[in-house]
Amino acid sequence: MLRVTGASANQLKYWVKIGLIKPLKEGKRYLYSFRDIIKLRVVTNLKNNGLSLQKIRKGIDNLAKVLPVEDDPLARLVIFTDGQDMIAMEKGMYFSATSMQRYFRFDLEHLQASILEIQSEAADMDDESLIKISSVGT
């Protein structure tokens, strides 16, 4: 289990204790479902990339509130972090799982190319205007 999830034994024990993960318990053993393993991998990845457990928990709780009960939000979404926020992507839309604020994604190279093209067209128009003005004056 530790190899599959990347979590340490102490992390697993603590996360079960605080209710972040709720595996089935048989005697002294815990049985983890496939969904539990997905959740553990996501939590471990977010933790390893600098996101606090408090923000992870808040993000998971928020996602559970807005997504259908039968869906496991961590299995359905692409989730990543910048170390400050838990960012989720669904169907090309990005949003903060902790604040539920939407993010817009821009292709900066395409945007810069468009700006340069507009500037070039504007410069060409200015050159044409100068030619018309000078031919009228002669």
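Reading the values: the criteria
Residues numbered from 1 in each chain as written. Predicted model: local features only at pLDDT ≥ 70, side-chain atom pairs only at ≥ 80, totals over all residues. Heavy atoms only, no water. Axes fitted to C-alpha atoms, helices over the stretch in contact; angles between N-to-C directions. Helix = DSSP H or I, 4+ residues; strand = E, 2+ residues; numbered from the N terminus. Parallel < 35°, antiparallel > 145°, perpendicular 65-115°, else oblique. Left-handed = near helix turned anticlockwise from the far one by under 90°. Contact = heavy atoms within 4.5 Å. Buried < 20%, exposed > 50% of the residue type's maximum accessible area, 1.4 Å probe, protein only. Pairing = 2+ DSSP bridges. Core = buried A, V, L, I, M, F, W, Y, C linked by side-chain atoms within 4.5 Å. Expected span 1.5 Å × (residues − 1). Phe/Tyr/Trp six-rings, centres within 6.5 Å; stacked < 30°, edge-to-face > 60°. Patch = residues over 30% accessible without salt bridge, like charges linked within 9 Å, V, L, I, M, F, W, Y side chains within 5 Å. Areas by Shrake-Rupley, 256 points an atom, 1.4 Å probe, with all protein chains shown as cover. Salt bridge = Lys/Arg side-chain N within 4 Å of Asp/Glu carboxyl O.

Colleague: What exactly am I supposed to notice about the packing of helix α3 (residues 34–48) against helix α4 (residues 53–66) here?
Modeller: The geometry of a pair of packed helices is captured by two quantities: the angle between their axes and the separation between those axes. Two elements in contact, α3 and α4, have axes separated by 10 Å at closest approach and are oriented at 140 degrees. Between α3 and α4, the angle is such that the two are oblique. In terms of crossing hand, the pair formed by α3 and α4 is right-handed. Between α3 and α4, the contacting residues are Lys39, Val43, Leu46 and Lys47 on the first element and Leu53, Ile56 and Ile60 on the second.

Colleague: Quick question: what am I supposed to make of unusual backbone geometry here?
Modeller: A negative phi angle is the norm for most residues apart from glycine, just as the trans form is the norm for most peptide bonds. Unlike most non-glycine residues, Met100 shows phi in positive territory, near 65 degrees. Locating Met100 in the fold gives a position in the loop between β5 (93–96) and β6 (102–103). With relative accessibility at 32%, the residue Met100 sits in the partly exposed group.

Colleague: Got a minute to help me understand the pairing of strand β3 (residues 78–81) in this structure?
Modeller: Alternating residues of β3 divide into Ile79 and Thr81, all buried, and Val78 and Phe80, none buried. Two elements, β3 and strand β4 (residues 86–90), share four bridges in a ladder whose sense is antiparallel. Note on β4: the bridge partner recorded for Ile79 is Ala88. Joining the antiparallel neighbours β3 and β4 is a turn of four residues, in which Gly83 adopts a positive phi near 95 degrees.

Colleague: I keep staring at the nonpolar core and nothing clicks. Help me out?
Modeller: As a rule of thumb, nonpolar side chains are buried together in soluble globular proteins. Counting residues in hydrophobic clusters, the biggest one holds 23 residues, and the most contacted among them are Trp15, Val43, Leu46, Leu63, Leu77, Ile79 and Met86. Mapped by element, the contributors of at least two residues to this core are α2 (9–17), α3, α4 and β4. Among the elements that line this core, the one with the most residues is α3, at five residues.

Colleague: Explanation requested: α3 in the structure shown.
Modeller: An α-helix turns once every 3.6 residues. As a result, residues three or four positions apart point the same way. In this model, α3 (15 residues) spans 21 Å end to end at C-alpha, consistent with the 21 Å of a helix rising 1.5 Å per residue. Within α3, the full set of buried residues consists of Asp36, Ile38, Lys39, Leu40, Val42, Val43, Thr44 and Leu46. The positive-phi residue at the C-terminal boundary of α3 is Gly50, with phi of around 95 degrees.

Colleague: Any chance you could explain the sheet that holds β6 here in plain terms?
Modeller: Backbone-to-backbone hydrogen bonds pair the strands of a sheet. The strands run either parallel or antiparallel. Strand order in the open sheet made by the four strands is β3-β4-β5-β6, with antiparallel pairing throughout. The open sheet has two free edges, formed respectively by β3 and β6, since each of these has just one partner strand. Its contacts with the sheet place α4 against β3, β4 and β5, and it is angled at close to 30 degrees to β4.

Colleague: So what exactly am I meant to see when it comes to the packing of aromatic side chains here?
Modeller: The geometry of an aromatic ring pair is captured by the separation of the ring centres together with the interplanar angle, meaning the angle of the planes. Inspection of every chain in the model, using the stated rule, returns one aromatic pair. Seen from their ring centres, Phe80 and Tyr94 are 6.2 Å apart, and the 75 degrees between their planes marks the pair as edge-to-face. With a gap of 14 residues between them, Phe80 in strand β3 and Tyr94 in strand β5 connect regions that are remote in the sequence. We classify Tyr94 as buried; its relative accessible area is 15%.

Colleague: Any chance you could explain a nonpolar patch on the surface here in plain terms?
Modeller: Taken together, the side chains of Leu108, Leu111 and Ile115 present a nonpolar region at the surface, about 290 Å² in accessible area. Residue Leu111 is classed as partly exposed on the basis of its relative accessible area, which comes to 41%.

Colleague: Please clarify how the pairing of β5 should be interpreted in this entry.
Modeller: Put simply, side chains in a regular strand alternate between the two faces of the sheet. Bridge count between β4 and β5: four bridges; the pairing is antiparallel. Residue pairing for β5: Glu90 is matched across the bridge by Met93. Connecting β4 to the antiparallel partner β5 that follows it, the hairpin turn spans two residues, and Lys91 within it adopts a positive phi of roughly 50 degrees. Across two bridges, the pairing between β5 and β6 is antiparallel. Paired with Tyr94 across the strands is Tyr103, a residue of β6. A loop of five residues connects β5 with β6, the two strands running antiparallel in sequence, and Met100 in this loop sits at a positive phi of about 65 degrees.

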